[in-house]
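# Chains, contacts and geometry: an overview
Listed below are the residues making up each chain.
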Amino acid sequence: MTSDDDEGGESIALMSFRCGLLWLFAVTVCVSAMSDILVDTIDGFAQSYGISEVFTSIVIIPYFSNIAEQVSAVIFAYKNEMDLCIGITVGSSIQVALFVMPGCVLIGWVVDRAMSMYLKGFETCCLVLAVLCVAAVLQGGTTNWLVGTFFMGVYFMIAAGFWYHELEDLSRDAETLVHSNSTNDGG
């Protein structure tokens, strides 16, 4: 962190590089511990409130885990800094799609846990719908309140779809189940 002097415009370091790295490591460890606690309590939360694990892990947890990002996007949109607002929101989605999901598959492969990116029809349709909506708005180049209402409507439709979505056994790999069922039917 730096602070600018009023007279000379020089930057004075408020924290050393080593101290910054130490704080970054400490915060990362704390966030990792809290994430483990959150993942361990999903089953109990879903059962006590009568909510499916799928809805909890696709709608509730991402909403609350990205609250700081959402607040930042709203603040920058209020200040009419739309490039930064779009960079925050779309950049995060691209990061998840291009790094987190394939990274989870590779880590699952290393630890011998089947974690494929196998999506059923409903999940695929939701993904395609979201990508097409964002692409259509980005191609237009301008937004207004109606676009925000449109995105909120799409979000609520997808959330409602996952609320009524069939329950899945998240402890087993869906692709393995499909292959075992097709093997049993054919033989």
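This text gives an overview of the structure that appears in the document. (Residues numbered from 1 in each chain as written. Predicted model: local features only at pLDDT ≥ 70, side-chain atom pairs only at ≥ 80, totals over all residues. Heavy atoms only, no water.)

### Here's the deal with the environment of E69
This is how it is decided: Strands are runs of DSSP state E lasting at least two residues, helices are runs of H or I lasting at least four, and both sets are numbered from the N terminus onward. Buried means the residue's accessible area, taken with a 1.4 Å probe over protein chains only, is under 20% of the maximum for its type, while exposed means over 50%, and partly exposed covers the values in between. Here, residues are in contact when the closest pair of their heavy atoms is within 4.5 Å.
Within the fold, E69 resides in helix 4 (residues 67-78). The exposure class assigned to E69 is partly exposed, which follows from its relative accessible area of 24%. Measuring from C-alpha to C-alpha, the distance between E69 and C85 comes to 9.5 Å, with 16 residues separating the pair along the chain. Non-local contacts of E69, meaning those with residues more than four positions away in its chain, are made with I88, T89 and S92.

### Describing the nonpolar core
Rules: Nonpolar cores were defined as sets of buried Ala, Val, Leu, Ile, Met, Phe, Trp, Tyr and Cys residues, with membership established by side-chain atoms within 4.5 Å.
Listed in full, the 11 residues of the largest apolar core are I51, V54, F55, V59, I60, C126, C133, V154, I158, A159 and F162. Counting residues per element, the ones that place at least two in this core are helix 3 (53-65), helix 6 (121-140) and helix 7 (145-163). Residues contacting V59, with those up to four places away along its chain left out, are Y155, A159 and F162.

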